[in-house]
Every structure is written in C-alpha cells, then in structure tokens.
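Coordinates in review
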Amino acid sequence: MKIKENGKILCIGDSVTDCGRRLPVGEGNDSLGNGYVQYLHALIDSQHPEEHIRVINMGIGGNTSRDVKNRYGKDALDLNPDYVILMIGINDIWRRMISVNDRENQISLEEYRNTIEWICQETVNKVEGMFLLSPIFMNNNPNDEMRIGVEKYQQELKRIADKYENVEYLDAQKNFDRYFQYYHYSAMASDAVHPNHVGHMMIANEIYRNLEFAGNRD
C-alpha cells in the first residue's frame, strides 16, 4: 500500500487493536495503547519522519464484526482516514464456542462475510487503501476447533480483499505459526488470543513491510 505524505492511517478492531488506547480517539503520544498500533506508529515515525504520517487507534476490546459495523461511520469514516487497517473476527468465533446458548450475540460465518463486504464497500471509494489484517490464533494444532474456525474466517477475508483493487489481505497468522515452531503458545498468551509485546511487534512488522513510502528507505 502506497502511503502519501501527511497521510492518516486508522486502525480499527477489537482488544488486540485497542490495548488501552485513549478514548474517544486514540492519537498522539501515550494515546495509541500499548500494542501493535503504537509499534506501527513508532516504526513509521522513526524511519520516515519527513512524511508526517498520522496513526489513529479506534479499537474497542470485546468487539465483534457486528460491533465494528455499528460504529464504523462515527469511529472510522467520519474521521476521514486516508488508509484503514481492519483486524476483526476472533471474538465472532470465540463467542460461538463459549456462548452456545447466547444465540442473539452469535455471529455466523455468513454474517461475518456480509459485514466485511459491507465495510469494504463503504470504504473503498473514500480512502487510498485498506488492509484486511487476519485475526490470529496462537494454537497451531490443526485439529483445534478454534483454529479451524479462524482459518475459515481468514479465507473469507482473503477472498473479499481479492475483489477490490485498493484492498489487501495481510496474513499475520503465518508469523505466529513460525514463532510457535519454537515455543508453546502459552509462552505468549494463555488464551492463545491476546499477544504479548513480541506478538504485537510481529503484527506491526507485517503491516510495515507492506507499506510503501514516497521517500526512499535507508
């Protein structure tokens, strides 16, 4: 994704994005939370200070794709971003696993697909570019029910991103899978969902590697 000078990058999602960011709008020193959004801003600002790139954190812990859709106008489009990074889906899957009787708040794969499609359609003509960042699950056991569900949602994100010229799918999962060839996932997160600083750096690096800036990198 090509980033223009003075561009505004808006990150939106659940607790993995939120990480204690300032409300109502997370922007500026000590306001971006303590996760990948803060690290992404640090990478960009340290390597490309001449570009004056703004990074905004609009994550909210506990959000599902339905929650993001319901607040997307106010918390995303109304802030007039030039670029949007969306990371959502793990709570959609998790709640289906642990709240089987709470049918009103369960989100099917079909609803997830339709929601992501809606978000993309609302966004693509208003921004320069958009990343659909894969939800991550650290347990790499291929027979784990959560892992199977996460992979289905990741596949939907990639399929949707392929439909739009200025939308890209970023596979953050592969970096975690590589890492957990050497460590058990509990070394990073007992719930296999909320990464520590190492995991957040892996997410930030995945985003940063896929950004192109007007100036030459050192």
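Anything mentioned here points back to the structure above.
A brief look at the structure comes next. (Residues numbered from 1 in each chain as written. Predicted model: local features only at pLDDT ≥ 70, side-chain atom pairs only at ≥ 80, totals over all residues. Heavy atoms only, no water.)

Concerning the overall build of the protein chain
For the protein chain, the count of helices and strands is eight helices and seven strands. Over its C-alpha trace the protein chain gives a radius of gyration of 16 Å, about what one expects of a compact globule, namely 17 Å for 218 residues. Within the span of the protein chain, comprising 218 residues, buried residues form 51% of the whole. Within the protein chain, counting contacts between residues at least 6 apart in sequence, those at least 24 apart form 78% of the total. (Helix = DSSP H or I, 4+ residues; strand = E, 2+ residues; numbered from the N terminus. Rg over C-alpha atoms; globule rule 2.2 N^0.38 Å. Buried < 20%, exposed > 50% of the residue type's maximum accessible area, 1.4 Å probe, protein only. Contact = heavy atoms within 4.5 Å.)

Some remarks on the nonpolar core
By size, the foremost hydrophobic cluster in this structure holds 68 residues, and its most contacted members are Tyr36, Leu132 and Ile207. In this view, Tyr36 contacts Cys11, Val16, Thr17, Met87, Leu133, His200, Ile203, Ala204 and Ile207; residues no more than four positions away in its chain are not counted. (Core = buried A, V, L, I, M, F, W, Y, C linked by side-chain atoms within 4.5 Å.)

What to know about the pattern of salt bridges
Applying the stated criterion to the full structure yields 15 salt bridges. Here Arg159 ties to Glu117 by a salt bridge, and the two come within 3.9 Å at their closest N and O atoms. With Arg159 in helix H6 (residues 145-161) and Glu117 in helix H5 (residues 109-123), the pair connects residues that are 42 residues apart, well separated along the chain. The partner of Glu117 in a salt bridge is Lys163, and the shortest N-O contact between them spans 2.7 Å. Separated by 46 residues along the polypeptide, Glu117 in helix H5 and Lys163 in the loop between H6 and strand S6 (167-170) bring together distant segments of the chain. (Salt bridge = Lys/Arg side-chain N within 4 Å of Asp/Glu carboxyl O.)

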